[in-house]
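A structural walkthrough
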Amino acid sequence: VITQPPSPAQPKQTIQGTQAHPGATLKMLNSANQQIPGTFTLNGSSWTFTPRENWGAGTNKIKAVQTVDGVESAASNVCTFTRPPQKLEILPLSNPVPINQTLVIRKVADDPVLLEMFSTANKLVPGTFTRYTSSHTFTPTETWTPGVNNVYAVQTVGGVKSDPSDVCTFGVKPPKPV
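Below, the structure is looked at part by part.

Let's talk about the sheet that holds strand β12 (residues 136-140)
- Pairing is antiparallel in the open sheet, where four strands are placed in the order β8-β9-β12-β11. Looking at the sheet topology across the chains shown, the edges are occupied by β8 (89-90) and β11 (127-131).
- Relative to strand β9 (residues 103-106), β8 runs antiparallel, the two being bridged by two bridges. Across the sheet, the residue bridging to glutamate 89 is arginine 106, located in β9.

Pasting the structure below:
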């Protein structure tokens, strides 16, 4: 029986459970019935599972099975928990910037991911995110407002939102008077 972990969980959240049979070999499986690499520690009939890698961002569904003398048990009930994606990072800019300045965003999760840019007034900033090898760029649909702009970004994976990035503050050159 898997004890429900906190949700949201830590990246390498340990999972605890009970009802391990003495001498059993335990396996942790994902929703596709693939074994999750990690280590089981037994203490009587209680056990702890430590994953080798971070849990995936978004929703995780796991179950445990035990094998005794070559005979495998039925799987435990499915345990579902979430892990938020990593907080995004917007690279700082040298001020002032042009009115059509693109922003470089790092620490973006693998697809499928929803990326959003907001002003500090919590208004969505329309624009386009473009993926490059190790980062993304954000190009606003409309030009930035002359003066000081404050924005942050959020990513959503599997319906789970990341914490907001740190606020990126930059000054935009006003146009020259005519």
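From this point, things continue past the structure.
Topic: the sheet that holds strand β1 (residues 15-17)
- With antiparallel pairing, the three strands of this open sheet are ordered in space as β1-β4-β3. Of all strands in the sheet, those with a lone pairing partner are β1 and β3 (38-43), marking the two edges. Adjacent strand axes in the sheet meet at a mean angle of 20 degrees when their direction is disregarded.
- For β3 and strand β4 (residues 46-51), the ladder comprises six bridges, and the chain directions are antiparallel. Among the inter-strand pairings, leucine 42 is bridged to a residue of β4, identified as tryptophan 47.

Details of unusual backbone geometry
- Along the chain, serine 7 connects to proline 8 via a cis peptide bond; the corresponding omega equals 15 degrees.
- In this structure, asparagine 33 is a non-glycine residue whose phi angle is positive, near 60 degrees.
- As for its position among the elements, asparagine 33 is in the loop between β2 (25-30) and β3.
- In this model, lysine 107 sits at a positive phi of 70 degrees, which is unusual for a non-glycine residue.
- Locating lysine 107 in the fold gives a position in the loop between β9 and β10 (114-119).

A short note on the nonpolar core
- Counting residues in hydrophobic clusters, the biggest one holds 19 residues, and the most contacted among them are Ile90, Leu103, Ile105, Met117, Trp144, Val151 and Phe170.
- Contributing elements (two or more residues each) for this core: β9, β10, β13 (147-157) and β15 (168-172).
- In this structure isoleucine 105 touches Leu88, Glu89, Ile90, Met117, Phe129, Ser135, His136 and Phe138, once residues within four positions along its chain are discounted.

Brief notes about the pattern of salt bridges
- Taken as a whole and assessed by the stated rule, the structure comprises five salt bridges.
- Here lysine 27 ties to glutamate 72 by a salt bridge, and the two come within 3.2 Å at their closest N and O atoms. You can see lysine 27 sitting in strand β2 and its partner glutamate 72 sitting in strand β6 (residues 71-72), a full 45 residues away along the chain.
- Its relative accessible area of 25% is what places lysine 27 among the partly exposed residues.
- Given a relative accessible area of 45%, glutamate 72 falls into the partly exposed group.
- In this structure, glutamate 116 and lysine 161 form a salt bridge, with 3.0 Å as the shortest nitrogen-oxygen distance.

Thresholds, definitions, all that
- Residues numbered from 1 in each chain as written.
- Predicted model: local features only at pLDDT ≥ 70, side-chain atom pairs only at ≥ 80, totals over all residues.
- Heavy atoms only, no water.
- Pairing = 2+ DSSP bridges.
- Helix = DSSP H or I, 4+ residues; strand = E, 2+ residues; numbered from the N terminus.
- Axes fitted to C-alpha atoms, helices over the stretch in contact; angles between N-to-C directions.
- Core = buried A, V, L, I, M, F, W, Y, C linked by side-chain atoms within 4.5 Å.
- Buried < 20%, exposed > 50% of the residue type's maximum accessible area, 1.4 Å probe, protein only.
- Contact = heavy atoms within 4.5 Å.
- Salt bridge = Lys/Arg side-chain N within 4 Å of Asp/Glu carboxyl O.

Keep in mind that these numbers describe shape and distance, not what the molecule does.
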